[in-house]
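Residue-level listing of the chains:
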Amino acid sequence: MESIGFFYRGKGFSLMLFVLILCCSFQICRAQAFEPGYVVLNSNDTLYGSVKDRNDGALFKKIRFKDERGKVRRYNAEHLLGYKKGIHIYESLWYAEESQFFRLDYYSRTGYGKKTFLKVLAKGPLSCYAREYIQDDNDFLDQFELFLRNDDTTMQRATQGIFGLKKKRLTSYFWDCPSLIEKIRNLSITKPLDVVTYYNTFCRNL
């Protein structure tokens, strides 16, 4: 009986080990998988195929693009106007962060900083982008939202982490739309994309 019990315990352990290896293999494959998409070259030509821009714990400085023949090329933000991977679209924008007295300011000004891929969350007279980054302490992918008006070079960070919208900074940034400022102050609007929708609907022609 003892030998039979050992057999079943060994069989159970082997099954658990097999499932664990299978799950790990699945995660690795999923993390490294190409997704359908395209790249837009600086010449404005669009190439269709599939795209990979990250692994677990890493964002690629150069995205991988596989064309319809299976040939893989690498592009950084200086090579492209943007790309699409799955359902997400990224634009290559000039991007710079400036630190002054414990305050970060953000800019998208030609020739200042460096070209960076930003995820497009909304487009219009007021656009919203996500700046993705990897937290150094735990390899966790995080992001924060940035507003940018058409024909403007100053970006405004939308939120302050778990504390929600940066009400004081947004009051200054949206000086041209008093009704939006009021809604942000009284918490009628609490999400970045709701800010974009309101501005593009009611403030664009003010």
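Further up the page is the structure itself.
Residues numbered from 1 in each chain as written. Predicted model: local features only at pLDDT ≥ 70, side-chain atom pairs only at ≥ 80, totals over all residues. Heavy atoms only, no water.

> Explain helix α4 (residues 192-203) residue by residue, including any values.
Taking 1.5 Å as the rise per residue, α4 with twelve residues should run 16 Å; its terminal C-alpha atoms sit 15 Å apart, in good agreement. Listing the buried residues of α4 in full gives Pro-192, Val-195, Val-196, Tyr-198, Tyr-199, Asn-200 and Cys-203. (Helix = DSSP H or I, 4+ residues; strand = E, 2+ residues; numbered from the N terminus. Expected span 1.5 Å × (residues − 1). Buried < 20%, exposed > 50% of the residue type's maximum accessible area, 1.4 Å probe, protein only.)

> Explain the nonpolar core to me, and be specific about the residues and the numbers.
Leu-126, Phe-147, Phe-174, Leu-180, Ile-184, Val-195 and Tyr-199 are the most contacted members of the largest nonpolar core, which totals 19 residues. Those elements giving two or more residues to this core turn out to be β9 (126-135), α2 (167-173), α3 (178-185) and α4. Per-element tally for this core: the top contributor is α4, with five residues. When neighbours within four sequence positions are excluded, Leu-180 is seen to be in contact with Phe-174, Ile-189, Val-195, Tyr-198, Tyr-199 and Cys-203. Grouped together as the second largest cluster of nonpolar side chains are eleven residues, Val-51, Tyr-75, Leu-80 and Tyr-83 included. (Core = buried A, V, L, I, M, F, W, Y, C linked by side-chain atoms within 4.5 Å. Contact = heavy atoms within 4.5 Å.)

> Give me the lowdown on the state of the cysteines, citing residues and values where you can.
When the sulfur atoms of two cysteines share a covalent bond, that bond is a disulfide. Counting across every chain of the model gives one disulfide. In this model, Cys-177 is linked to Cys-203 through a disulfide, with the two sulfur atoms separated by 1.8 Å. Placement of Cys-177 in the loop between α2 and α3 and of Cys-203 in helix α4 is noted, with a sequence separation of 26 residues between them. (Disulfide = S-S within 2.5 Å.)

> Can you explain the environment of Tyr-83? Please cite residues and give values.
Turning to its location among the elements, Tyr-83 is positioned in strand β5 (residues 80-85). Through-space distance from the C-alpha of Tyr-83 to that of Thr-46 is 8.9 Å; in sequence the pair is 37 residues apart. Residues within four places of Tyr-83 in sequence aside, it is in contact with Tyr-38, Val-39, Val-51, Asp-53, Ile-63, His-88, Ile-89, Tyr-90 and Phe-117. A distance of 2.7 Å separates polar atoms of two side chains, one belonging to Tyr-83 and the other to Asp-53. (Polar contact = N/O pair within 3.5 Å; in protein donor to acceptor, adjacent residues only side chain to side chain.)

> Just give me the short version of the packing of aromatic side chains, but keep the residues and values in it.
Counted by the stated rule, this structure contains twelve aromatic pairs. Ring centres 6.5 Å apart and planes at 55 degrees place the aromatic pair Phe-65 and Tyr-75 in the tilted group. Residue Phe-65 is located in strand β3 (residues 58-67), and its partner Tyr-75 is located in strand β4 (residues 72-75); the two are separated by ten residues in the primary sequence. Given the relative accessible area of 11%, Tyr-75 is considered buried. Three or more aromatic residues joined by ring pairs make a cluster, and in this case those are Tyr-95, Tyr-106, Tyr-133 and Phe-144. (Phe/Tyr/Trp six-rings, centres within 6.5 Å; stacked < 30°, edge-to-face > 60°.)

> Tell me what's going on with unusual backbone geometry, and back it up with residues and numbers.
Backbone geometry places Asn-44, a non-glycine residue, at a positive phi of 80 degrees. Tracing the backbone through its elements, the reader meets Asn-44 in the loop between β1 (35-41) and β2 (46-55). At Asp-151, a residue that is not glycine, the phi angle is positive and equals roughly 65 degrees. Position of Asp-151 relative to the elements: it lies in the loop between β10 (140-149) and β11 (154-157).

> Now, about the pattern of salt bridges: what can you tell me, with residues and values included?
Following the criterion strictly, the structure yields eleven salt bridges and no others. For Glu-132, the salt bridge is made with Arg-54, and the minimal N-O distance between the two is 3.0 Å. Here Arg-54 lies in strand β2 and Glu-132 lies in strand β9, a separation of 78 residues in the sequence. According to the relative accessible area criterion, Arg-54 is buried, its value standing at 16%. The partner of Lys-119 in a salt bridge is Glu-132, with the nearest N and O atoms 3.4 Å apart. Separated by 13 residues along the polypeptide, Lys-119 in strand β8 (residues 114-122) and Glu-132 in strand β9 bring together distant segments of the chain. Neither Lys-119 nor Glu-132 differs from the other in exposure class; each is buried. Sharing partners across several salt bridges, the network here consists of Glu-35, Asp-53, Arg-54, Lys-85, Lys-119 and Glu-132. (Salt bridge = Lys/Arg side-chain N within 4 Å of Asp/Glu carboxyl O.)

Function-wise, these values are silent; they only describe arrangement.
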